[in-house]
Amino acid sequence: MKICVFGAGAIGAHLAARLDAGGAKVSVVVRGAHLAAIRANGIEVHAPDRTWTCRVAASDDPRELGRQDVVIVSVKGPSLSSVAAAIPPLLGPDTPVIFVMNGLPWWYFQGSGAAIRSRLPAFDFGESAWRGLSSEQVIGGVIFSGSEVVKPGVVHVDSSGDRLMLGRPDDRPSAIANEVGAILSAGGVKGQVTDRIRHVIWEKLLRNLTTGPFSVLTTATPREIFVNDTLTATSKRVVAEAAAVAAAVGIDLGPDVEPLVESNRIVSHRPSILQDLLLGRPMEVSTLYGRPLLLARATKVPAPTLEILVALVEARARAAGLYSE
């Protein structure tokens, strides 16, 4: 199977290396120093289970790579429109595109989400950039992994038991998702297919909401932050507010989501949005935090703690010149 990973940052490069290890014919679309390093030396991965280097085709021009059997888009939210403009040479009429991204994705209201959208104002989360992609081609992906590019071409993975959850927006079975999941599992990252992809999106989003804003404002890791009881209590309020928003759009996260906050006490990995701040890259403020807040306002769910945190993170990103709508 020919699989192209569009956006080979920390997550994309790690997935590319695992797919290669699982037997796929892998290529990556990447730019700058990262591209030069991958071309010269391959992708080097340091993970808890192993350290290895893989050689994959790499280019900053999708036309050089040609049509693929599957494309995985793994970029930050601010880059999504430019990807939509560049991706056509990789796609045939039916090529599936797996979107492995944080936050509420552009396709959230497709498929079974249509009923949700009918009760909300017409948000455009980026759908307009992807109108040429049929609903049959879209597959959602949610990655649970802590990774970081430590230098061009080299990825360090902090977490063990990493997994990628895959699912169609309409929650129907997907043979291609099963096949990609099997290749990933063979390569060392568990690939699972779910018929509740929106539920998984919110599970990951809650973790993002309870770590990222605090890390951006303190430049500390969750493990360093949540020794403070006041910040832990604040994080619990964010969890409760976000869970109420999820419930208002039909996602029941269960009776007790507070243990998530306690689990953050042992996380020593720097959240990706903090990595972006420290490295001077555009920050995913809107995708990760602004969209959940929009849903809170639209559904009239009180979210005062989230309101304050989003405003503070937005101000921090603007001050650094890294805010992207």
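Relevant structure appears above.
Parameters and conventions
- Here the residue numbering is sequential within each chain, running from 1 through the sequence in written order.
- Reporting of local features is limited, given that this is a predicted model, to residues whose pLDDT is at least 70; pairs of side-chain atoms are given and counted only at 80 or more, and all residues count toward the totals for whole chains, interfaces and linings.
- Hydrogens and water molecules were not included; the side-chain quantities draw on all heavy atoms of the structure.
- Put simply, a disulfide is two cysteine sulfurs that come within 2.5 Å.
- Note on conventions: DSSP H or I runs of at least 4 residues are helices, E runs of at least 2 residues are strands, and numbering of each starts at the N terminus.
- To estimate how far a helix should reach, multiply one less than its number of residues by 1.5 Å.
- Burial classification: accessible surface area is computed with a 1.4 Å probe over protein chains only, and a residue below 20% of its type maximum counts as buried, one above 50% as exposed, and the rest as partly exposed.
- We call two strands paired when DSSP finds no fewer than two bridges between them.
- As a rule, the C-alpha atoms of each element are fitted with a line to give its axis, helices using only the stretch in contact, and angles between N-to-C directions run from 0 to 180 degrees.
- Any two residues whose heavy atoms approach within 4.5 Å are treated as being in contact.

### Concerning the state of the cysteines
Thought 1: By the definition in use, this model includes zero disulfides.
Thought 2: Not engaged in a disulfide, the cysteine Cys 4 finds its nearest cysteine sulfur in Cys 54; these two sulfurs lie 13 Å apart.

### Overview of helix α1 (residues 10–21)
Thought 1: Between its terminal C-alpha atoms α1 stretches 17 Å, which fits the 16 Å expected from 12 residues at 1.5 Å a residue.
Thought 2: In terms of residue burial, α1 counts as a mostly covered element, since nine of its 12 residues are buried.
Thought 3: Buried within α1 are the following residues: Ala 10, Gly 12, Ala 13, His 14, Leu 15, Ala 16, Ala 17, Arg 18 and Leu 19.
Thought 4: Directly beyond the C-terminal end of α1, a positive phi value near 110° is found at Gly 23.

### Quick look at the sheet that holds strand β9 (residues 147–151)
Thought 1: Strand order in the open sheet formed by four strands is β4-β3-β10-β9, with mixed pairing between adjacent strands. Two strands close off the open sheet at either side, each with one partner strand: β4 (51–54) and β9. Taking each pair of neighbouring strands and ignoring which way they run, the sheet shows an average axis angle of 25°.
Thought 2: Sitting on the sheet, α1 touches β3 (43–46), β4, β9 and β10 (154–157), and the angle it makes with β3 is about 95°.

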